[in-house]
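# Notes for the structure review
Here is how the chains run, residue by residue.
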Amino acid sequence: MWRYIVRRIFLQGIPVLLGFTFVLYFVITIAPGSPVTHLRGLPNIDEETIARRAEQLGITEPFPVQYVKWLGRVLRGDLGRSFDSSRRPVAELILERMPATILLSLCSILLGWGVGIPAGILSARRQYSFLDYMITFLAFVGISAPSFFIGLLLLYVFAAKLNVLPAGGFFLAGEPRTFLGYVQYLLLPSLTLGLGNIAGIARYMRSSLLEVLGQDFLRTARAKGLSDNLVVYKHALRNALLPILTLMGFTIPSIFSGAVIVENIFAWPGLGSLAVQAVNERNYPVIMGINLMFAVLIFLGSLIADVSYALADPRIRYE
Amino acid sequence: MGKFWRRFCRNKLALAGLIVLVWFVLSALFAPQLAPDDPNRADLRQRNQPPSREHPLGTDDMGRDILSRTLYGGRISLAVGLVSAGISLTIGVFLGALAGFCGGVVDTVIMRLADVFYSFPFLILAITISAIFGPSIYNTMIILGILSWPGPARLLRAEFLKFKTTDFVAAATALGARPARIMFRHILPNAFSPLLVSATLEVAAAILSEAGLSFLGLGVPPPAPSWGNMLNRARPLHILSRMPWMWIPPGLAVFGVVLSINFVGDGLRDALDPRQEQSSPLGSQAAD
């Protein structure tokens, strides 16, 4: 197992991350306009000052040199400084925002499992019943629902009309961090972010359980007189849940994508709203840092998913 | 064709989806005839008006007619969806066919590249590139097209692997057909069914992504109306809570189009592949 993990990191993770950062850095470098272009329009500034500024930012060197230097600094844990007036270290900005994004993503993944799995089980156990039709229909709705519209709708109903939940944000300064407070702030954003996930997992769970229920060993279990509940929950469910674990690796990128939109709707102080802000300010060090951070998180997520799959199913052996 | 149509109609939701979809496409095509007003004409005396006889869906914060903007927005949203799905399918078909047919190093390189694209939060990359090159309708089409080729590529690769070892390919090779001819004249037509289903779903995904990008202000830039940027304008809390006519129509439009395309895709999957067991009550295999 350890050999597999090490191989995954060195043979897949690192090449993918290197390739990804190289391409992104290249795209940013060839982009029209540079971080000093806007200085040309200012009064009382001569070409010499602009050139000096460009030199300071290290953007006069050829692209490969810039990239290698950037990579060297990243390996030492230095992601550079933000381009905006605060000039704060990028690593600090990211660490400050990361917990909120991870909390939100975890909640919506848990919501996806907590609601999606029971819904899928119900659907499969009563195949072709009215309930099954309803769940399958709702799953289609959940997969098609645009998060930005659902988010606005939830805000409209629960924050503006009923006034029972906060209209976004995450704990005002000085507000005591109670459990109820967490629930209130997290409920709408994680529901919006988790909706597609709930629907996807319900659909997947249904077909996975139906497939297992059709297998011979379950006919044997039934034939020897086990009750229906025992057959489903003790014998079938464990096997049907396995593919759901692999699904987790695939859902992580889409959860982070969704977080960008959801964090913006609900003014959630996470990486997604930082990303949009940085992108609008053309704040390249922050953009690179966030992209790198997401790439690492996603790689780790898929690694954890695959490893837990192997741990859960003794038949799986990664050599 | 008749048989295909009968099978498609058996899936009631797919049929309903098709009808709704045709309705949306027609209203986008005939937007100039249907719209009560010029979508970009601002009337500052008529700002923030609720629905009335003159403006059936009300006006926005610049006094523009919401119904007209929703109709014209449909043109842009559907066009972006179709073009970017076209781009991603073209790239995906070409690379997927190459990977599946050639195998070896070509296959490894293409599929690793697909992994890189697949394992990344699509939207973050899209907003980054869009901000760098400046948001515009054409950039949105290109970005969405280029970022979503791995899906169709994986599908095509699997199909090519399946057909590569068949007798008719061996026969074509024996007759001296060149590889390009075998790939595109002999194998590709066999992969038509799954490709069509994947194409419908690509269009739905592209429409959703365009609306998401425009919602963040990094897709279709105003004043051109798109469903996403109409929703973007409605984000301030006073508009959200007191003027729902500004954001409910474009939101419902995105929702309706995507839902109906997904239903149609589901129906197509059943109708094109009768061998598949019908496990879902809507007539589809649930797992994607």
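Residues numbered from 1 in each chain as written. Chains lettered and ligands numbered in written order. Predicted model: local features only at pLDDT ≥ 70, side-chain atom pairs only at ≥ 80, totals over all residues.

Right, let's get into the overall build of chain A. Scanning chain A from terminus to terminus reveals eleven helices and zero strands. From first element to last, N terminus to C terminus, chain A shows the α and β order α-α-α-α-α-α-α-α-α-α-α. With the principal axes as the frame, chain A shows a C-alpha extent of 90 × 55 × 35 Å. For chain A, buried positions account for 35% of its 319 residues. (Helix = DSSP H or I, 4+ residues; strand = E, 2+ residues; numbered from the N terminus. Buried ≥ 20, exposed ≤ 12 C-beta atoms within 10 Å, placed from the backbone.)

Quick look at the overall build of chain B now. Assigned secondary structure in chain B consists of 14 helices and zero strands. Listing the helices and strands of chain B from first to last along the sequence gives α-α-α-α-α-α-α-α-α-α-α-α-α-α. Over its C-alpha atoms, taken along the principal directions, chain B stretches across nearly 75 × 45 × 30 Å. A burial count over chain B gives 51% of its 288 residues as buried. Considering only contacts within chain B whose residues lie at least 6 apart along the sequence, 69% involve residues at least 24 apart. (Contact = placed C-beta atoms within 7 Å.)

Here we come to the domain arrangement of chain A. Residues and elements named next belong to chain A. Taken domain by domain, chain A holds domain 1 (2-75) and domain 2 (90-312). Centre-to-centre separation of domain 1 and domain 2, based on C-alpha positions: 34 Å. Each partner contributes to the interface: domain 1 provides eleven residues, whereas domain 2 provides nine residues. Residues of the side of domain 1 that touches domain 2, tallied by class, amount to eight nonpolar, two polar and one charged. (Domains from an automatic or database assignment. Nonpolar A, V, L, I, M, F, W, Y, C, P; charged D, E, K, R; others polar.)

For the rest of this paragraph, the subject is unusual backbone geometry. Residues apart from glycine generally show negative phi values, whereas peptide bonds are mostly found in trans. Here Pro 222 of chain B and Pro 223 of chain B are connected by a cis peptide whose omega angle stands at 10°. Structurally, the position occupied by Pro 223 of chain B is in the loop between α11 (192-215) and α12 (227-233). For Tyr 128 of chain A, which is not a glycine, the phi torsion comes out positive at approximately 70°. Tracing the backbone shows Tyr 128 of chain A in the loop between α4 (90-125) and α5 (130-144). One non-glycine residue, Asn 48 of chain B, adopts positive backbone phi at about 55°. Position of Asn 48 of chain B relative to the elements: it lies in the loop between α3 (31-34) and α4 (66-102). By C-beta crowding, Asn 48 of chain B is classed as partly exposed, having 16 other C-beta atoms within 10 Å.

On to the interface of chain A and chain B. Each partner contributes residues to the interface: chain A has 46 residues there, and chain B has 40 residues. Taken together, the elements giving at least two residues each to the side of chain A that touches chain B come down to α1 (2-30), α5, α6 (147-161), α7 (179-213), α9 (228-265), α10 (271-280) and α11 (284-312) of chain A. Each residue belonging to the side of chain A that touches chain B can be placed in one class, and the counts come to 33 nonpolar, nine polar and four charged.

All names here are of chain B. Mapped onto the fold, Leu 147 is located in helix α7 (residues 137-147). The exposure class assigned to Leu 147 is partly exposed, which follows from the 19 C-beta atoms found within 10 Å. As a C-alpha pair, Leu 147 and Phe 117 span 30 residues in sequence and 6.9 Å in three-dimensional space. Contact partners of Leu 147, with chain neighbours within four places excluded, come to Phe 117, Phe 122, Leu 125 and Ala 126.

Attention now moves to the confidence of the model for chain B. Residue and element names in this part refer to chain B. Per-residue confidence for chain B gives a mean pLDDT of 86; residues scoring 70 or more make up 94%. Here residues 283-288 is a poorly scored stretch, pLDDT under 50, and it has 19 contacts once near neighbours within four places are set aside; other chains count. Here the prediction assigns the complex a pTM of 0.87, and the interface score ipTM is 0.85. (pLDDT = per-residue confidence, 0-100.)

Burial of nonpolar side chains together is a common tendency in soluble globular proteins. In terms of nonpolar packing, the biggest core is built from 150 residues, with Ala 275 of chain A together with Ile 127 and Val 254 of chain B touching the most fellow members. Counting residues per element, this core draws most heavily on α4 of chain B, at 17 residues. Residues in contact with Ile 127 of chain B, not counting those within four places in the same chain, are Val 260, Ala 275, Val 276 and Val 279 of chain A together with Leu 213, Leu 216 and Leu 218 of chain B. (Core = buried A, V, L, I, M, F, W, Y, C linked by C-beta atoms within 7 Å.)

Residues and elements named next belong to chain B. Between helix α5 (residues 104-118) and helix α8 (residues 150-164), the shortest axis-to-axis distance is 10 Å and the interhelical angle comes to 145°. Like other packed secondary-structure pairs, α5 and α8 cross with a definite hand, here left-handed. Across the interface between the two elements, Ala 114, Phe 117 and Tyr 118 of α5 pack against Pro 150, Ala 153 and Arg 154 of α8. Split by residue class, the contact of α5 with α8 holds five nonpolar, no polar and one charged. (Axes fitted to C-alpha atoms, helices over the stretch in contact; angles between N-to-C directions. Left-handed = near helix turned anticlockwise from the far one by under 90°.)

Residues and elements named next belong to chain B. Within the fold, Gly 81 resides in helix α4. Of the residues examined, Gly 81 has 25 C-beta atoms within 10 Å and is grouped as buried. Sequence-wise, Gly 81 and Ala 206 are 125 residues apart; in three dimensions their C-alpha atoms are separated by 4.8 Å. Leaving out residues up to four positions away in the same chain, Gly 81 has contacts with Val 203, Ala 206, Ile 207 and Glu 210.

Moving on: the packing of α9 of chain A against helix α6 (residues 122-133) of chain B. Where α9 of chain A contacts α6 of chain B, the two axes come as close as 6 Å, and the packing angle between them is 50°. If you check the angle between α9 of chain A and α6 of chain B, you find them oblique. For the pair α9 of chain A and α6 of chain B, contact is made by Pro 253, Phe 256, Ser 257, Val 260 and Ile 261 of chain A and by Phe 122, Leu 123, Ile 124 and Ile 127 of chain B, respectively. Of the residues that constitute the contact of α9 of chain A with α6 of chain B, the class distribution is eight nonpolar, one polar and no charged. (Parallel < 35°, antiparallel > 145°, perpendicular 65-115°, else oblique.)

What follows covers α8 of chain B. Residue and element names in this part refer to chain B. Over its 15 residues, α8 extends 20 Å from the first C-alpha to the last, a length consistent with the 21 Å expected when each residue adds 1.5 Å. Residues of α8 that are buried include every one of Pro 150, Pro 152, Ala 153, Arg 154, Leu 156, Arg 157, Glu 159 and Phe 160, and no others. Where α8 is buried, its residues contact α4, α5, α10 (179-187) and α11. (Expected span 1.5 Å × (residues − 1).)

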